[in-house]
Amino acid sequence: LDDPETIRMFQEVKTLGVPEFGTHFVRQVLTEARVRNFGDIVKICGLTHGTDVWNNNARDLVQKGVNFSEVITMRDDILIYLVHCGVSEKDAFEIMEKVRKGKTLGDKQVAMLKDHGVPDWYIESCRKIKYLFPKAHAVAYAVMAFQIAYFKVHLPLAFYATYFSIRPDVFDYDNMVAGREGIGKKMNYINNLPREEKSKRLIDLAGVLEVALEMCEKGLEFYPLSLDGSDSAIFKIYGEEGLICPFSALDGVGTQAAMGIVESRKDRPFSSIEDLQQRAKLNKTVIETLRRARVLRDLPETEQLQLF
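Residues numbered from 1 in each chain as written. Predicted model: local features only at pLDDT ≥ 70, side-chain atom pairs only at ≥ 80, totals over all residues. Heavy atoms only, no water.

Caption draft 1: Highlighting the sheet that holds strand E2 (residues 236-238). An order of E1-E3-E2 is seen for the three strands of this open sheet, with the pairing classed as mixed. Both edges of this open sheet fall to strand E1 (221-223) and E2, since each of them pairs with a single strand only. Averaged over all pairs of adjacent strands, the angle between strand axes in this sheet comes to 35 degrees, irrespective of strand direction. Relative to strand E3 (residues 242-244), E2 runs antiparallel, the two sharing three bridges. (Pairing = 2+ DSSP bridges. Helix = DSSP H or I, 4+ residues; strand = E, 2+ residues; numbered from the N terminus. Axes fitted to C-alpha atoms, helices over the stretch in contact; angles between N-to-C directions.)

Caption draft 2: A look at helix H7 (residues 107-115). When H7 is considered as a whole, its buried residues turn out to be Gln-109, Val-110, Met-112 and Leu-113. Down the axis of H7, the sector holding all buried residues measures 160 degrees, keeping them to one side. In this structure, H7 carries Asp-107, Lys-108 and Asp-115 as exposed residues pointing more than 90 degrees from its buried face. Next to the buried residues of H7 lie helix H5 (75-84), helix H6 (89-100) and helix H8 (120-128). (Buried < 20%, exposed > 50% of the residue type's maximum accessible area, 1.4 Å probe, protein only. Arc of directions from axis to C-beta. Contact = heavy atoms within 4.5 Å.)

Caption draft 3: Structural context of the environment of Ser-230. Looking at where Ser-230 falls in the secondary structure, it is placed in the loop between E1 and E2. On the basis of relative accessible area, Ser-230 is assigned to the buried category, the value being 0%. Setting aside anything within four residues of it in sequence, one finds Ser-230 in contact with Pro-224, Leu-225, Ile-244, Cys-245, Pro-246, Phe-247, Val-262 and Arg-265. From its side chain, Ser-230 meets the backbone nitrogen of Ser-226 in a polar contact 2.8 Å long. (Polar contact = N/O pair within 3.5 Å; in protein donor to acceptor, adjacent residues only side chain to side chain.)

Caption draft 4: Representation of helix H1 (residues 4-11) in the model. All of the buried residues along H1 are Thr-6, Ile-7, Met-9 and Phe-10. Projected down its long axis, H1 shows its buried positions confined to an angular sector of 150 degrees, all on one face. Taken together, the buried residues of H1 touch helix H2 (24-33), helix H3 (38-49) and helix H9 (135-154).

Caption draft 5: A look at the nonpolar core. Ranked by size, the top nonpolar core spans 52 residues in total, and within it Phe-164, Phe-222, Phe-247, Leu-276 and Leu-290 carry the most contacts. Of all the secondary structure elements, the ones that give two or more residues to this core are helix H10 (156-165), helix H11 (173-177), helix H12 (180-191), helix H13 (200-217), helix H14 (255-264), helix H15 (273-280) and helix H16 (284-292). Examining the composition of this core, we find that 10 residues originate from one element, H13, more than from any other. Every residue in contact with Phe-164, bar those within four places of it in the chain, is listed here: Phe-171, Met-176, Val-208, Val-211, Ala-212, Met-215, Phe-222, Phe-235 and Leu-243. (Core = buried A, V, L, I, M, F, W, Y, C linked by side-chain atoms within 4.5 Å.)

Caption draft 6: A look at the packing of aromatic side chains. Evaluated as defined, the whole model comprises 18 aromatic pairs. Ring geometry for Phe-10 and Phe-146: centres 5.8 Å apart, planes at 0 degrees, overall stacked. Of this pair, Phe-10 sits in helix H1 while Phe-146 is found in helix H9, placing the two residues 136 residues apart along the sequence. An identical accessibility class is assigned to Phe-10 and Phe-146; each is buried. Site record: aromatic cluster; members linked through ring pairs are Phe-159, Tyr-160, Tyr-163, Phe-164, Phe-171, Phe-222 and Phe-235. (Phe/Tyr/Trp six-rings, centres within 6.5 Å; stacked < 30°, edge-to-face > 60°.)

Caption draft 7: Here's a closer look at the pattern of salt bridges. Throughout the structure, instances matching the rule amount to 18 salt bridges. The shortest N-O distance in the salt bridge between Glu-210 and Arg-27 comes to 3.6 Å. Of this pair, Glu-210 sits in helix H13 while Arg-27 sits in helix H2, placing them 183 residues apart in sequence. On the accessibility criterion, Glu-210 (28% relative accessible area) is partly exposed. Put simply, Asp-52 and Lys-130 hold a salt bridge, and the shortest N to O gap is 3.4 Å. Linking Asp-52 in the loop between H3 and helix H4 (54-63) with Lys-130 in the loop between H8 and H9, this pair joins segments that are 78 residues apart in sequence. (Salt bridge = Lys/Arg side-chain N within 4 Å of Asp/Glu carboxyl O.)

Caption draft 8: Representation of the state of the cysteines within the structure. Enumeration according to the criterion identifies zero disulfides in this entry. Cys-85 takes part in no disulfide bond, and the closest cysteine sulfur to it belongs to Cys-126, at a distance of 11 Å. Cys-126 sits in the buried class, given a relative accessible area of 3%. (Disulfide = S-S within 2.5 Å.)

What follows is the structure, given as structure tokens:
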């Protein structure tokens, strides 16, 4: 959890595809908070899972010069800080419980905090919070995210293969296989659509395309479907250069059809399109989808003997 290259990835906000840290909102927080270590990554998890903790609160304080390490990010921050200021553990706990639930501090509690030298900005920050995340949960999320980020830094193909394998419903085969140009073209199309015309699927696809473009910009690529080499649903690593797309990545090829192809080819190679259709139990629609994707270009149509 102290791997310097992985820490640097969070510092440089290259966290696309990393759970809890891949959204635009969290990446914006990373940009402004300027994390230094794993502890700061935990704080980001707390900030982004609370309500009125970052926006209109800690963010404003950081912009005004308050050190990021001092702002409230999780429940435990309040308890630890107040005890450090000399507030009794009982009173500090009660204040923490009120703040984390979004309840107003009483006048006596505010007076007590001021008597112990708690700055006005800190008290005002407590008043704005509606919900605070527990540190134990933040640590669990941060550990999980950091471990996955480690793979993105040191074993990128393993990271991208896993990322795309769990998102087969929002994969754009034609444009991704076309590389940076195809991906960029589809991203521009989605980004230029009016908001009311963007379906949830298109919004999800835009996020997946962003990760795909990042992968291609690293010199990696998506290889076209292979009748002999593609898996039914898993993106397979091919050498050190890219990923072979699975059959399920192609719109029109369902789970059963994809599994049928992979299972039936174990017996022997397909000798024709007719042989493939019969052994894998594929309907005409799937066959035509595979044909348009040029997956069947090396197969003859039927088993009929050809005379030379």
